[in-house]
Amino acid sequence: MTLRLHDTASGRKEEFCPLEPGVVRLYTCGPTVWNTPHIGNYRTFLFFDLLRRHLAVRGYRLRHVMNITDVDDRIIEQAHTAGVGIDAYTRPYREAFFEDLDALRAQRAEHYPLATEHVPEMVRLIARLLDRGYAYEAEDGVYFRIASFPAYGRLSRLDRSGLRPGARVATDRYEKESATDFALWKRAQPIDEQVGAAWDAPFGRGRPGWHIECSAMAMAYLGETLDIHAGGVDLLFPHHENEVAQSEAATGERFVRFWLHSEHVSDSTGEKMSKSVGNIVTLRDLTAAGYDPLAVRLFLMGNAHYRSRLRLTEEALHAAAEQVRRLQDLADRLRGLEPGLRSDDAALYADALDARDAYLEALDDDLNLPAGLGHVFEVVRRANAALDAGRVGPAGREALLHLLETVDAHLDVLRRRDVELDDELRGLIAEREQARRARDFARADRIRDQLRDRGIVLEDTRQGVRWRRVER
RNA sequence: GGCGACGUAGCCAAGUGGUUAAGGCAGGGCUCUGCAAAAGCCCGAUCCCCAGUUCGAUUCUGGGCGUCGCCUCCA
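Residues numbered from 1 in each chain as written. Chains lettered and ligands numbered in written order. Predicted model: local features only at pLDDT ≥ 70, side-chain atom pairs only at ≥ 80, totals over all residues. Heavy atoms only, no water.

1. Concerning the packing of aromatic side chains
Scanning all chains against the criterion turns up 16 aromatic pairs. Ring centres 4.3 Å apart and planes at 15 degrees place the aromatic pair Phe 47 and Tyr 306 in the stacked group. Of this pair, Phe 47 sits in helix 1 (residues 39–57) while Tyr 306 sits in the loop between helix 10 (293–302) and strand 12 (310–311), placing them 259 residues apart in sequence. The buried category is assigned to Tyr 306, whose relative accessible area is 5%. Here Phe 144 and Phe 182 contribute two aromatic rings whose centre-to-centre distance is 5.1 Å and whose plane-to-plane angle is 15 degrees, an arrangement assigned as stacked. (Phe/Tyr/Trp six-rings, centres within 6.5 Å; stacked < 30°, edge-to-face > 60°. Helix = DSSP H or I, 4+ residues; strand = E, 2+ residues; numbered from the N terminus. Buried < 20%, exposed > 50% of the residue type's maximum accessible area, 1.4 Å probe, protein only.)

2. Describing helix 8 (residues 236–251)
Relative to the 22 Å expected for 16 residues at 1.5 Å per residue, helix 8 spans 21 Å between its end C-alpha atoms, a close match to the ideal helical length. Counting buried residues along helix 8, 13 of its 16 residues qualify, which places the element largely inside the surrounding structure. Gly 252, located one to two residues past helix 8, shows a positive phi value of around 75 degrees. (Expected span 1.5 Å × (residues − 1).)

3. Some thoughts on the environment of Pro 120
Along the chain, Pro 120 falls in helix 4 (residues 119–131). As for Pro 120 and Ala 201, which are separated by 81 residues in sequence, their C-alpha atoms are 8.3 Å apart.

4. Description of the protein's contact with RNA strand B
Around RNA strand B sit 56 residues in total, of which Trp 210, Leu 235, Lys 272, Asn 303 and Arg 448 are the nearest. For RNA strand B, the fraction of atoms within 4 Å of the protein that belong to sugar or phosphate moieties is 69%. Contact distances for RNA strand B include 2.9 Å between a sugar or linking oxygen and a side-chain N or O atom of Asn 41. Within the side chain of Lys 272, one N or O atom sits 2.5 Å away from a phosphate oxygen of RNA strand B. Contributions of two or more residues to the surface near RNA strand B are made by helix 1, strand 9 (226–232), helix 11 (314–335), helix 13 (369–388), helix 15 (423–437), helix 16 (441–453) and strand 13 (456–461). Looking at the surface near RNA strand B, the element that brings in the most residues is helix 13, giving nine residues. By residue class, the composition of the surface near RNA strand B is 15 nonpolar, 17 polar and 24 charged. (Near = heavy atom within 4 Å. Polar contact = N/O pair within 3.5 Å; in protein donor to acceptor, adjacent residues only side chain to side chain. Nonpolar A, V, L, I, M, F, W, Y, C, P; charged D, E, K, R; others polar.)

5. Quick notes on the sheet that holds strand 6 (residues 141–144)
Taken together, the four strands give an open sheet; going across it, the order is 5-6-7-8, and neighbouring strands pair in antiparallel fashion. Taken across any chain shown, the strands that pair with only one partner, and hence form the sheet edges, are strand 5 (135–138) and strand 8 (206–208). Geometrically, the sheet is characterised by an average inter-axis angle of 25 degrees between neighbouring strands, direction not taken into account. Taken together, the four bridges between strand 5 and strand 6 define a ladder with antiparallel strand orientation. Each residue of the ladder has a partner; that of Glu 137, found in strand 6, is Val 142. (Pairing = 2+ DSSP bridges. Axes fitted to C-alpha atoms, helices over the stretch in contact; angles between N-to-C directions.)

6. Side note on the domain arrangement of chain A
As assigned here, chain A comprises domain 1 (4–262), domain 2 (311–411) and domain 3 (423–469). On a C-alpha basis, the centroid separation for the pair domain 1 and domain 2 is 40 Å. Of the residues lining the interface, eleven residues belong to domain 1; the matching set on domain 2 comes to ten residues. Between domain 1 and domain 2 the total buried area reaches about 1,100 Å² when both faces are included, carbon and sulfur atoms providing 58% of it. (Domains from an automatic or database assignment. Contact = heavy atoms within 4.5 Å. Buried area = accessible area lost by both parts, 1.4 Å probe.)

7. Looking at the sheet that holds strand 10 (residues 256–262)
A sheet is described by the order of its strands in space; here four strands give the open sequence 4-3-9-10, paired in parallel fashion. Of all the strands in the sheet, the pair left with one neighbour each is strand 4 (61–66) and strand 10. Here the average twist between neighbouring strands, direction ignored, is 20 degrees. With three bridges connecting them, strand 3 (residues 23–28) and strand 9 associate as parallel partners. Of the residues in strand 9, the one forming a bridge with Tyr 27 is His 229. Against the sheet, helix 1 contacts strand 3, strand 4, strand 9 and strand 10, and its axis sits at roughly 150 degrees relative to strand 9.

8. So, the packing of helix 11 against helix 13
Two elements in contact, helix 11 and helix 13, have axes whose closest approach is 11 Å; the angle formed by their N-to-C orientations is 40 degrees. Put simply, helix 11 runs oblique to helix 13. You can see that helix 11 and helix 13 cross each other, and the crossing is left-handed. Residue-level contacts link Gln 323, Arg 326, Leu 327, Leu 330, Arg 333 and Leu 334 of helix 11 to Val 376, Phe 377, Val 380, Arg 381, Ala 383, Asn 384, Leu 387 and Asp 388 of helix 13. For the contact of helix 11 with helix 13, the residue count by class is eight nonpolar, two polar and four charged. (Parallel < 35°, antiparallel > 145°, perpendicular 65-115°, else oblique. Left-handed = near helix turned anticlockwise from the far one by under 90°.)

In structure tokens form, the structure reads like this:
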């Protein structure tokens, strides 16, 4: 089976094949570092992670670029209010972003270019657009002339005549030929100078518009044509539409071969999570509530297909946490199995291999991880039953571990986080063991309840006591 | 107003023109256990409504109802 991906431009799943054999040029829209990202942002970033990992599973080398927008209106305003430059203002958010990516185990892209470090590339691109007549200078900046690009609106399927008239014109502070023309360059205002957000350019000192940043950096690192450009659906219009217009107008080449868009996360009522609505939940909120980042990872990545909306609820998060635990526990059981002592269940061996094929096939079908996990958990159940019955031998063990390894190439939840117990908790567990050996079960149970209240659950097994942390 | 998506068991969710509509969570019963936990077994669906196409539709078409998104900064 070949990898098929849903391309927004065609509206269909298309067979994926990179321009250059074996190498994928991937550009993904990264964060604007003006504030703490919320879970919705991370869903998108984990979608990128899933895409990356599956491309790697399919043998492609990756050239993945993810921009970091460190200059824009909000950053300038916030920095000014805080009385610092934009670099100082954005630094903590940039650092927090990478910390969160690590906590969620998102693989690193090959490049994370900062917008402020690629202004010359943007200036050159704007100059090119001016030369070719696709852009014009106005009093307050340089604009892209949408009327000069007939294909405008094709990607997002928006008819320009259908754009709601009025709103944008009435509120826009900038002067331009047409209401829908967008800024490539904004002339420096005093506030920009104060926070260090102004650069020299042939067409006047100023700062880049948001859209031009992605085109310039994508082309700087990956060339004029990208295999895949991905982002959240809310970027489809106008951001990606604008990127296509300015990039293709400048180069005359096709900018993107595959457009991939991931859906939103909504709150428990079904409304889109966004800063303006004020219903955002951050990763920190969830970890503070006792959720394992790996459960959050599985929830964001695998609870629903990336093109359908994901509703954040406690039940769904708990379900994800349980799935992580079940996978980890099965892996532990299999690793701890003494090889060679038991006979194999032939059917289970076949099931494990079949499930692995079905899993990979689901991933090849537009990254359908939820469907793939369905195949996997069916075998998880059978594997546990076989382990209970002592019917897992060397071959079955290998096949099952191979299946888990395959799944973990995407999920990456089997490496346990190092969670430590303090001496007091350790002491309590030892004390309970002593009580149990003395058959003082009342005392043992009391200690167990005590630990449960502190978020530690004990399991007595043949190999001795196991403990794990639980939510809250 | 324009464009679009979705509506599958208590919750999340995959999927298909036709033998039993994946899987997870939650819940109930049971096995195992000192008791638990874990694990396993058993238990759950008029596939939003109506009409049409078809030998046959949850799956296709049309209409309705509902939810949501984009058209403005937004992952």
